[in-house]
Amino acid sequence: MDKKTFSELKKKLEQERTLLEKDLLKFADKDKKISNDYDTRFPNFGGRSSAPDEDAKEVEIYENLLAVEYALELRLKEVNEALEKIKKDNYGHCEICKKDIKLDRLKANSAAKTCIACNNKNKPQEK
Ligand SMILES: [Zn+2]
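The notes below deal with the structure included here.

Conventions used here
- Residues numbered from 1 in each chain as written.
- Predicted model: local features only at pLDDT ≥ 70, side-chain atom pairs only at ≥ 80, totals over all residues.
- Heavy atoms only, no water.
- Core = buried A, V, L, I, M, F, W, Y, C linked by side-chain atoms within 4.5 Å.
- Buried < 20%, exposed > 50% of the residue type's maximum accessible area, 1.4 Å probe, protein only.
- Helix = DSSP H or I, 4+ residues; strand = E, 2+ residues; numbered from the N terminus.
- Contact = heavy atoms within 4.5 Å.
- Phe/Tyr/Trp six-rings, centres within 6.5 Å; stacked < 30°, edge-to-face > 60°.
- Donors = N, O, S within 2.8 Å, 3.2 Å for Na, K, Ca; no water.

1. Thoughts on the nonpolar core
Item 1. Counting residues in hydrophobic clusters, the biggest one holds 22 residues, and the most contacted among them are Leu13, Leu24, Phe27, Val79, Tyr91 and Leu106.
Item 2. Listing elements by their share of this core, those giving two or more residues are α1 (3–27) and α2 (52–87).
Item 3. Ranked by the residues each element gives to this core, the list is headed by α2, at 7 residues.
Item 4. Contacts of Tyr91, omitting those with residues within four sequence positions, involve Met1, Phe6, Leu9, Leu13, Ala82, Lys85, Ile86, Leu106 and Ser110.

2. Here we look at the packing of aromatic side chains
Item 1. Summed over all chains, the structure comprises 2 aromatic pairs.
Item 2. Between Phe6 and Tyr91, the aromatic rings sit 6.2 Å apart at their centres with planes inclined by 70°, giving edge-to-face as the arrangement. In this pair, Phe6 is assigned in helix α1 and Tyr91 in the loop between α2 and α3 (103–108), connecting sequence segments 85 residues apart.
Item 3. On the basis of an interplanar angle of 50° and a centroid distance of 4.9 Å, the ring pair of Phe42 and Tyr62 is categorised as tilted. A residue pair is termed long-range when its members are at least 10 positions apart, and Phe42 in the loop between β2 (38–40) and α2 and Tyr62 in helix α2 qualify at 20 residues.
Item 4. By relative accessible area, which is 44% here, Phe42 ends up partly exposed.
Item 5. Owing to a relative accessible area of 23%, Tyr62 belongs among the partly exposed residues under this scheme.

3. Some remarks on the coordination of the zinc ion
Item 1. With distances of 2.3 Å, the protein atoms coordinating the zinc ion are Cys94 (SG), Cys97 (SG), Cys115 (SG) and Cys118 (SG).
Item 2. Taken in chain order, the donor set of the zinc ion reads C-x2-C-x17-C-x2-C. Each of the two residues, Cys115 as well as Cys118, counts as buried.

This is the structure:
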């Protein structure tokens, strides 16, 4: 991989990390004890009397936020791992077959851990 492409991908990852952290902080607090862990704040509409249906709505929103938090955290983890690999000069190699990951794939997903062939063989556990 040439230097220019490499630094472009690195920049993309760093930007994505910033965006993900920003998105997370909109509704979650950073856990001070565990790095890269976020805790979703429980929404509080601030109703004077806690009406049961308002509470139910809060719980519903909270559960939705937890799902979003999970997805964002997962992606943040991948992005951080990719950045870690860049630091260790081990970026762009498939974790399974160790071959270089095609540039097209890295451009589409700069945090990709595997090449397309291995990815197809090892379909991630989709929910
Ligand atoms: Zn592979």
